[in-house]
Amino acid sequence: MKTYLPIIIFCALCLEQPTTIWLYGDSISRGYGMASFGHPSPLNSIHGIANLLLIENGREDLTVKWSGSQDPNYLWGSIRDGFIEPGDIIIFENAGPHYNNTEAYRMWLKLFKFTAGSHPIYLTTTPDYDPPPDSQYDTLIGVSGLSINAVVREEALLLLDWDAEMDEAVGVMESYGASPMLPDGIHPNAFGNFVLALSI
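Here, residues in each chain are numbered from 1, in the same order as that chain's written sequence. Only residues with pLDDT of 70 or above have their local features reported here, since the model is predicted, and side-chain atom pairs are shown and tallied only from 80 upward, although totals for entire chains, interfaces and linings are computed over all residues. As a convention, hydrogens and water are excluded, and side-chain values are obtained from all of the structure's heavy atoms.

K.L.:
Sorry if this is basic, but what is going on with a nonpolar patch on the surface here?
P.N.:
Each patch is built from salt-bridge-free residues with over 30% relative accessible area, joining like charges within 9 Å and nonpolar side chains (Val, Leu, Ile, Met, Phe, Trp, Tyr) within 5 Å. Using a 1.4 Å probe, the Shrake-Rupley method yields the accessible areas, and only the shown protein chains count as cover for residues. Here a salt bridge means any side-chain nitrogen of Lys or Arg lying within 4 Å of a carboxyl oxygen belonging to Asp or Glu. Among the surface-exposed residues, M34, L43 and L52 lie close enough to one another that they form a single nonpolar patch of about 240 Å² accessible area. Inspection of the secondary structure puts M34 in the loop between α2 (27-30) and α3 (46-56). Numbering goes from the N terminus for both helices and strands, where a helix is a DSSP run of H or I of at least four residues and a strand is a run of E of at least two.

Here's what the structure looks like:
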């Protein structure tokens, strides 16, 4: 059952009207929907589709931008230098590298959240449908009894559960002989990008 507590928390935190949603992440966030980085179609990326939807719904005052860095120091510099303005929203996605220590990964997430300061920050889980043998997104790691996605769910004050969203999309689309995923099992195609853009 879905909970609406994050929405309540988000409204309480977002005292300033946001102008930008910053999508920090790697290749999933960058956009690989057409199986090519840098493809000019807005369908190639989550933020490209999200911006189309915002314009369609009369929200020209709000835009979604991708930032490739996952370095907390880069995030801090963007806030310090005014690129990220008061009230702007941060989404943090991390499909890799893989970690063998869930607590080390937890501390890294905590650092990123701390660096965001008063900015609302969403953490995302990672879909995995044909993962490499060392994938730790949903695989339990060592004696921790946790997976990377489990740590994300525990640490997120605000969560975009992209793993669950894509699980549902895969189930529906497979019945029609289609898929929201590229053959590599990690990157969403244009359909998958649309599913994740709707979650934003």
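K.L.:
Please explain the side chain of T115 as it appears in this structure.
P.N.:
Turning to its location among the elements, T115 is positioned in helix α5 (residues 102-116). Only protein chains enter the accessibility calculation, which uses a 1.4 Å probe. A residue is then buried if its area is under 20% of the maximum for its type, exposed if over 50%, and partly exposed in between. Judged by relative accessible area, which is 14%, T115 ranks as buried. Among all residues touching T115, those that are not within four sequence positions of it are P72, L75, W76 and I79. By definition, residues are in contact when any of their heavy atoms lie within 4.5 Å.

K.L.:
Which parts of the structure should I look at to understand unusual backbone geometry?
P.N.:
Unusually for a residue other than glycine, A35 sits at a positive phi of about 60°. Its location among the elements puts A35 in the loop between α2 and α3.

K.L.:
Mind showing me how you'd approach helix α7 (residues 162-174) here?
P.N.:
Residues three or four positions apart in an α-helix share a direction because the helix packs 3.6 residues into each turn. Multiply 1.5 Å by the residue count of a helix minus one, and that product is the helix's expected span. Relative to the 18 Å expected for 13 residues at 1.5 Å per residue, α7 spans 18 Å between its end C-alpha atoms, a close match to the ideal helical length. Those residues of α7 that fall on the buried side of the exposure criterion are W162, D163, M166, A169, V170 and M173. All buried residues of α7 project into a common sector of 125° when viewed along the axis, lining one side. When we speak of the arc, we mean the arc of directions from the helix axis to the C-beta atoms.

K.L.:
What exactly am I supposed to notice about the pattern of salt bridges here?
P.N.:
When their charged atoms lie close together, side chains carrying opposite charge are able to pair. According to the stated counting rule, one finds nine salt bridges in the structure shown. Where E103 meets R106, a salt bridge forms, and the shortest distance between an N and an O atom there is 2.9 Å. Placement of the pair is E103 and R106 together in helix α5, with a separation of three residues, close to one helical turn. Owing to a relative accessible area of 10%, R106 belongs among the buried residues under this scheme. The partner of R153 in a salt bridge is D161, with the nearest N and O atoms 3.1 Å apart. Connected via shared salt-bridge partners are E103, R106, K110, K113, E154 and E155.

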